[in-house]
Structure formats: C-alpha cells, structure tokens
Amino acid sequence: MPIAMDVASLGGTATQDFDLKMLVIAGWAGRDTEAQEHHIRELEALGVARPAATPTYYRASASRVTTNGVIEATGTGSSGEVEPVIFAHGSTLYVGVGSDHTDRKVETYSVTVSKQMCDKPVAATVWPFEEVADHWDELILRSHIVENGARVLYQEGPVSALLDPRETIAGYCENGVLPDGTALFCGTVPAIGGIRSAGLFAAELVDPVRDRRIGFEYEIRSLPVAG
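In this text, all values refer to a predicted model and were calculated from it rather than measured experimentally.

J.: Any chance you could break down the overall build of the protein for me, citing the residues and the numbers?
T.: When helices and strands are counted, the protein shows four helices and 17 strands. Relative to its length of 227 residues, the protein is compact, with a C-alpha radius of gyration of 16 Å against a globular reference of 17 Å. Referenced to the eigenvectors of the C-alpha coordinate spread, the extents of the protein come out at roughly 50 × 35 × 30 Å. Burial status across the protein gives 52% buried among its 227 residues. In the form shown here, the protein has an accessible surface area of approximately 10,000 Å², with 49% of it arising from carbon and sulfur atoms. If you average the places of the 18 positive and of the 31 negative side-chain charges in the protein, the two averages end up 4 Å apart.

J.: How would you sum up the sheet that holds strand β6 (residues 70-74)? Please name residues and give values.
T.: The strand order across the open sheet built from five strands is β6-β17-β16-β13-β14, with neighbouring strands paired in mixed fashion. Looking at the sheet topology across the chains shown, the edges are occupied by β6 and β14 (150-158). Each adjacent strand pair in this sheet contributes to an overall mean axis angle of 25°, direction not counted. As paired elements, strand β16 (residues 200-207) and strand β17 (residues 212-223) share eight bridges and run antiparallel to each other.

J.: Tell me about the pairing of strand β9 (residues 92-99), residues and numbers included.
T.: Here β9 lies mainly inside the structure; six of its eight residues are buried. Note: strand β8 (residues 82-89) against β9, eight bridges, orientation antiparallel. Paired with E83 across the strands is G98, a residue of β9. Here β8 folds back onto β9 in antiparallel fashion, the turn holding two residues, of which G90 has a positive phi close to 60°. Where β9 meets strand β12 (residues 125-128), two bridges bridge the pair, whose relative direction is antiparallel. By the bridge assignment, V95 is partnered in β12 with W127.

Conventions and cut-offs
Residues numbered from 1 in each chain as written. Predicted model: local features only at pLDDT ≥ 70, side-chain atom pairs only at ≥ 80, totals over all residues. Heavy atoms only, no water. Helix = DSSP H or I, 4+ residues; strand = E, 2+ residues; numbered from the N terminus. Rg over C-alpha atoms; globule rule 2.2 N^0.38 Å. Buried < 20%, exposed > 50% of the residue type's maximum accessible area, 1.4 Å probe, protein only. Areas by Shrake-Rupley, 256 points an atom, 1.4 Å probe, with all protein chains shown as cover. Lys, Arg positive; Asp, Glu negative; His and termini not counted. Charge placed at Lys NZ, Arg CZ, Asp CG, Glu CD. Pairing = 2+ DSSP bridges. Axes fitted to C-alpha atoms, helices over the stretch in contact; angles between N-to-C directions.

By themselves, these observations are geometric and do not establish any function.
Written out as structure tokens, the structure reads:
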C-alpha cells in the first residue's frame, strides 16, 4: 500500500512513496521497567491482562496506516497513544511518529484484535534514522488531547524510556534487519491522568539536538453501535 512521505533530511526534503506491506506493533517495549509497570497497571485498570512476554509483537493490516486527519472508530471507547515509528524503505530506516489508536473495550478480551480495530495515524514526515541514531535517547515524545474544549497535555517523555529501536527490531527479526515495506511502532509512554478517549489527538516527536520536530493531529469520529 503506497503512502506518500516527506523525507526531511539535513540536506533537504523530498517526497517518496513508501510501499507499506507489513505493520508490526511492539507492545510492552519499555526500557524503563518502572514506567512500563505503570503502563501495565494503566491497562489492567481497564481490564487488560498482563502480557505473557515483553516486548510482544502484534501484527495488523498495513492498510491501517494512514496520514489522514480524520479516522472513524466504533463507539467512544477508543484512544490514541504516541509512538516512534520505524519505516524500512529502500534498504534504509526512517523514523517518524504515529498513534497506536486502540479500541480499549476490545483490548480487554484480545489485544491482538484491538490492534486491528482502528486506523493507525502517522505523521506524513520522516527523518533518516541515521541522522538521530547517535542521539536517539535525547528525542522526546509528546501528545495532547482536547478535553472539555481545552487542549491538555496527555503524554510526555523521552524515548529513552523505551527500548532502542535497533533492539526492538532485533527482537522481531532474527537477522536484525527490518524487511523493506515494514512499519514498526516502537512503544509508548504513560498517559498523564490515565488512559481516556477524546475527540482529537495530537502527537509529536521532538529532536532537541537538531532543533526540529515532526507532528500531526487527527480527529476521531465515533460510529454508532447498533447492537
């Protein structure tokens, strides 16, 4: 499934069509065991069972990846979470930012099914991974939601709370090479005030070393539940 991405490198920006063939979502991919335990408890409060192993790699349809500014979700029980996303394209790795938007009700009985239930919005801009690899732990994840008409900080934390993406890739691919056409979601940071739904979700990945950022936002339109 081709998706147009703006590759913003230090030498300039060029649009390329990334042919996505596989979507992998790394769950429970925390490096900071305390933060990961916090996230596990967040989900346990929603009825989600503890994972049998960490990280766990979930597969979902590559067609779920979207740069659209609006997604549709069944009911009002879904929510987003900001994650760094690694794209393999043309034998090169790129890093972007996305939202593992998830149906929380379905998640209580099957995490795998919940990952397939919702679109996965991503920013339409990526950086070459090699341009951030030497200072990866300095990058910052941040998200906001609109709640009661106000923009509220929902998540914020360094990517150092997560496994290094090279380690995440090695855990999924025996040869340590992410196949071309793969989008790999690499984990998230805890929600401030607990996981909850909102009508708008905004997220960004910040590189304070090079003073740049990638951001996006999307609206969630709820579909009626007929029965």
